[in-house]
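# A closer look at the structure
Each chain, written out:
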Amino acid sequence: MPLIDSTMTQLILWAALGYLLGSIPFGMIVARVMGLGNLRQIGSGNIGATNVLRTGNKGAAALTLLFDSAKGAAAVLLARVLAGEDAAQITALAAFLGHCFPVWLGFKGGKGVATFLGLWLALDWRVGVACCLTWLVAALIWRISSVGALAAAALSTTWIMVLTDGSTFFLGIALTLLVYWRHSANLARIKAGTEPKIGKS
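It should be emphasised that the depicted structure is a prediction, and the values quoted were computed from it without experimental measurement.

Reading the values: rules and limits
- Residues numbered from 1 in each chain as written.
- Predicted model: local features only at pLDDT ≥ 70, side-chain atom pairs only at ≥ 80, totals over all residues.
- Heavy atoms only, no water.
- Axes fitted to C-alpha atoms, helices over the stretch in contact; angles between N-to-C directions.
- Helix = DSSP H or I, 4+ residues; strand = E, 2+ residues; numbered from the N terminus.
- Parallel < 35°, antiparallel > 145°, perpendicular 65-115°, else oblique.
- Left-handed = near helix turned anticlockwise from the far one by under 90°.
- Contact = heavy atoms within 4.5 Å.
- Nonpolar A, V, L, I, M, F, W, Y, C, P; charged D, E, K, R; others polar.
- Expected span 1.5 Å × (residues − 1).
- Buried < 20%, exposed > 50% of the residue type's maximum accessible area, 1.4 Å probe, protein only.
- Polar contact = N/O pair within 3.5 Å; in protein donor to acceptor, adjacent residues only side chain to side chain.
- Patch = residues over 30% accessible without salt bridge, like charges linked within 9 Å, V, L, I, M, F, W, Y side chains within 5 Å.
- Areas by Shrake-Rupley, 256 points an atom, 1.4 Å probe, with all protein chains shown as cover.
- Salt bridge = Lys/Arg side-chain N within 4 Å of Asp/Glu carboxyl O.

### Focus: the packing of helix 1 (residues 8-22) against helix 4 (residues 58-82)
Packing of helix 1 against helix 4 leaves a shortest axis separation of 9 Å and a crossing angle of 160°. Here helix 1 is positioned roughly antiparallel relative to helix 4, judged by the angle of their axes. The element helix 1 and its partner helix 4 pack so that their crossing is right-handed. Taking contact as the criterion, the partners of Trp14, Gly18, Leu21 and Gly22 in helix 1 are, on helix 4, Lys71, Ala75, Leu78, Ala79 and Leu82. Class assignment of the residues belonging to the contact of helix 1 with helix 4 gives a composition of six nonpolar, two polar and one charged.

Structure (structure tokens):
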């Protein structure tokens, strides 16, 4: 845990800002702007980059991945520069919750993988890079995006302990649990052997 230097009011305000930034549904925005339709009616109905890819538009999927990662990173960096490490960690958690449970979409958002990776790249680039590589290797081996996400989340706390001073460990545990919770249906499909491969509907 970082030292708590901010007041409770400041932390609440940063959490609110993080939530609002995280709740911007870039997948839906990109799909609409590029004429791909309503993501709720495509593939899994999810608002993330993997479902955007199911439209067949790789550029739109890449933009969604970039924007969803960037909003998490931006939230953390703003809080760190303007307030401190304690605010950065609170803002990171709030941004992740905003992506997963956006008020604008009836609290039915994405699964948070891109935002998770963006958060870690901003919180500690070493952990972020390690998580990105973990996702990439697992996804290449199994050709299943959710397997990459679950592997990255599962190993994130290991990377925290190996690569850092451990001050983000409890945040890492919280984010990992949230990723697994959001992927509960994927876990069931993986076990049943019915989870779609990358690029498939």
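The structure having been displayed, the exposition proceeds.
### Here's the deal with helix 4
Helix length check: helix 4 (25 residues) gives 36 Å between terminal C-alpha atoms against 36 Å at 1.5 Å per residue, within 8%. For helix 4, the full list of buried residues reads Ala60, Ala61, Thr64, Asp68, Ser69, Lys71, Gly72, Ala73, Ala75, Val76 and Ala79. Sitting at the amino-terminal end of helix 4 is Asn57, which places a side-chain oxygen 3.1 Å from the backbone nitrogen of Gly59. Phi for Gly84, located one or two positions after helix 4, is positive at around 140°.

### Points about a nonpolar patch on the surface
On the surface, Ile29, Val33, Met34, Leu63, Leu66 and Phe67 cluster together into a nonpolar patch covering about 530 Å² of accessible area. Residue assignment for the nonpolar patch shows that the elements contributing at least two residues are helix 2 (26-33) and helix 4. Within the secondary structure layout, Leu66 lies in helix 4. You can call Leu66 exposed: its relative accessible area is 52%.

### Here's the deal with the side chain of Ser6
Assignment of secondary structure puts Ser6 in the segment before helix 1. Judged by relative accessible area, which is 11%, Ser6 ranks as buried. Once residues lying within four places of it in the same chain are set aside, the contact partners of Ser6 are Leu11, Ala83, Asp86 and Ala87.

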